[in-house]
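# A look at the structure
Letter by letter, the chains look like this.
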Amino acid sequence: DTAVSQTPKYLVTQMGNDKSIKCEQNLGHDTMYWYKQDSKKFLKIMFSYNNKELIINETVPNRFSPKSPDKAHLNLHINSLELGDSAVYFCASSQRSLVASARRAQTQYFGPGTRLLVL
Amino acid sequence: SQQGEEDPQALSIQEGENATMNCSYKTSINNLQWYRQNSGRGLVHLILIRSNEREKHSGRLRVTLDTSKKSSSLLITASRAADTASYFCATDGGGGSRLTFGEGTQLTVNP
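This one's a predicted model, so the numbers in the text were calculated from it and none came from an experiment.

## Some thoughts on the pattern of salt bridges
According to the stated counting rule, one finds six salt bridges over all chains in the structure shown. A salt bridge links Arg63(A) to Asp85(A), with the nearest nitrogen and oxygen atoms 2.8 Å apart. With Arg63(A) in the loop between strand E6 (53-57) and strand E7 (64-70) and Asp85(A) in the loop between strand E8 (73-78) and strand E9 (87-94), this residue pair connects regions lying 22 residues apart in the sequence. With a relative accessible area of 3%, Asp85(A) lands in the buried category. We note a salt bridge from Arg62(B) to Glu55(B), for which the minimum N-O separation is 3.1 Å. Connected through shared salt-bridge partners, Arg63(A), Glu82(A) and Asp85(A) make up one network.

Here is the structure:
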C-alpha cells in the first residue's frame, strides 16, 4: 500500500522525444508537487497543485507541463527532451493547512523518484 | 538563491558515535523540517520544528533552532550503519505549501 507512487521508475530516452511521468497518492492529500533533483542532489521545486489548481509554478521551461486530472494524481509531461533534463524527478504530496494563520507547515510525503536519462 | 545550506557536506563516523549536521537559511521562516534520503530512494520526513520552538526530540534525533542566527542543527545519537543517508533541511516561509531544501549532508556510518 504505497502512499505516493510514481511510474516509471527509470526512463531512458533520446533527445527530442516527448515523455510523461505519472504520480498517484492514496493519502487523501490536497496538495501535490513535482521536484527535480540534479546530480549534486540539489532538490528544486517545479510545480505544486492544490485540488487540481496550479499554485506554484517555478521558472521551468514551458516544455514541462503538469496535469492534474484529480487531486490524487499529478502527471508531468515533458516535450522535446534535452540532455539537461536528465535528473531524478520526485513527486510529493501534503495536506494543505486550511488556516494560514496557524503557522502550520505540512509534512511532505515523497514518491520513490523517476530517474530520467536523456541520451 | 538557495535558502538552506547544510554543513558539513559530508560526514563519516563510526557506529555508536553522534552525528551533528547544521543548516543555515537566509530568510524568515515559520517552520523548519529535516528529511532523510537513502540512496536511490525518495525523501522521508524526520522532524519538524516551529519557529517558536528552540529544541525538539524524536527518538535518537534532536533538533535545535536558533532563529536569531537563522540556523538549525540535527543531532543523531548512538548512530547506526542504517543511518547512512543524505540529510536535508527544508524551510517553510509561510503557508505550508512551499518548502525550500538545502544542499544536504551525506552521512556515512561505518560499522
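That shown, we press on.
## Quick look at the nonpolar core
In this structure, Leu32(B), Trp34(B), Leu74(B), Ile76(B), Tyr87(B) and Leu107(B) are the most contacted members of the largest nonpolar core, which totals 21 residues. Excluding its chain neighbours within four sequence positions, the residues that come into contact with Ile76(B) are Glu17(B), Asn18(B), Ala19(B), Met21(B), Arg60(B), Leu61(B), Asp83(B), Tyr87(B) and Leu107(B). Counting residues in each nonpolar core, the second largest holds 20 residues, with Val4(A), Phe64(A), Ile78(A) and Val118(A) among its members.

## Some words on the sheet that holds strand E3 (residues 19-24) of chain B
Residues and elements named next belong to chain B. What the five strands build is an open sheet, ordered E1-E3-E8-E7-E6; its pairing is antiparallel. Of all the strands in the sheet, just strand E1 (5-7) and strand E6 (55-58) have a single pairing partner and so form its edges. Neighbour-to-neighbour, the strand axes of this sheet turn through a mean angle of 20°, independent of strand direction. Bridge analysis of E6 against strand E7 (residues 61-66) gives four bridges, and the strand direction is antiparallel. Bridge pairing links Ser 58 to Leu 61 in E7.

## A few points about the sheet that holds E8(A)
Residues and elements named next belong to chain A. Taken in spatial order, the four strands line up as E1-E3-E8-E7 in an open sheet, and their pairing is antiparallel. Because the sheet does not close on itself, it has two edges, and the strands there are strand E1 (4-7) and E7. Geometrically, the sheet is characterised by an average inter-axis angle of 20° between neighbouring strands, direction not taken into account. Two strands pair when backbone bridges link them, and E7 and E8 are joined in this way by five bridges, in the antiparallel orientation. Bridge pairing links Phe 64 to Ile 78 in E8.

## A look at a nonpolar patch on the surface
The grouping of Val12(A), Leu117(A) and Leu119(A) at the surface amounts to a nonpolar patch, some 270 Å² of accessible area in total. Positionally, Leu117(A) belongs in strand E11 (residues 114-118).

## Considerations on the packing of aromatic side chains
According to the stated counting rule, one finds eight aromatic pairs over all chains in the structure shown. A ring pair is formed by Phe90(A) and Phe110(A), whose centres lie 6.4 Å apart and whose planes are at 75°; its orientation type is edge-to-face. Here the residue Phe90(A) occupies a position in strand E9, and Phe110(A) occupies one in strand E10 (residues 109-110), the gap between them amounting to 20 residues. One aromatic cluster is present, built from ring pairs that chain together Tyr33(A), Tyr35(A), Phe90(A), Phe110(A), Tyr35(B) and Phe101(B).

Reading the values: the criteria
- Residues numbered from 1 in each chain as written.
- Chains lettered and ligands numbered in written order.
- Predicted model: local features only at pLDDT ≥ 70, side-chain atom pairs only at ≥ 80, totals over all residues.
- Heavy atoms only, no water.
- Salt bridge = Lys/Arg side-chain N within 4 Å of Asp/Glu carboxyl O.
- Helix = DSSP H or I, 4+ residues; strand = E, 2+ residues; numbered from the N terminus.
- Buried < 20%, exposed > 50% of the residue type's maximum accessible area, 1.4 Å probe, protein only.
- Core = buried A, V, L, I, M, F, W, Y, C linked by side-chain atoms within 4.5 Å.
- Contact = heavy atoms within 4.5 Å.
- Pairing = 2+ DSSP bridges.
- Axes fitted to C-alpha atoms, helices over the stretch in contact; angles between N-to-C directions.
- Patch = residues over 30% accessible without salt bridge, like charges linked within 9 Å, V, L, I, M, F, W, Y side chains within 5 Å.
- Areas by Shrake-Rupley, 256 points an atom, 1.4 Å probe, with all protein chains shown as cover.
- Phe/Tyr/Trp six-rings, centres within 6.5 Å; stacked < 30°, edge-to-face > 60°.

This is a description of form; function is not addressed.
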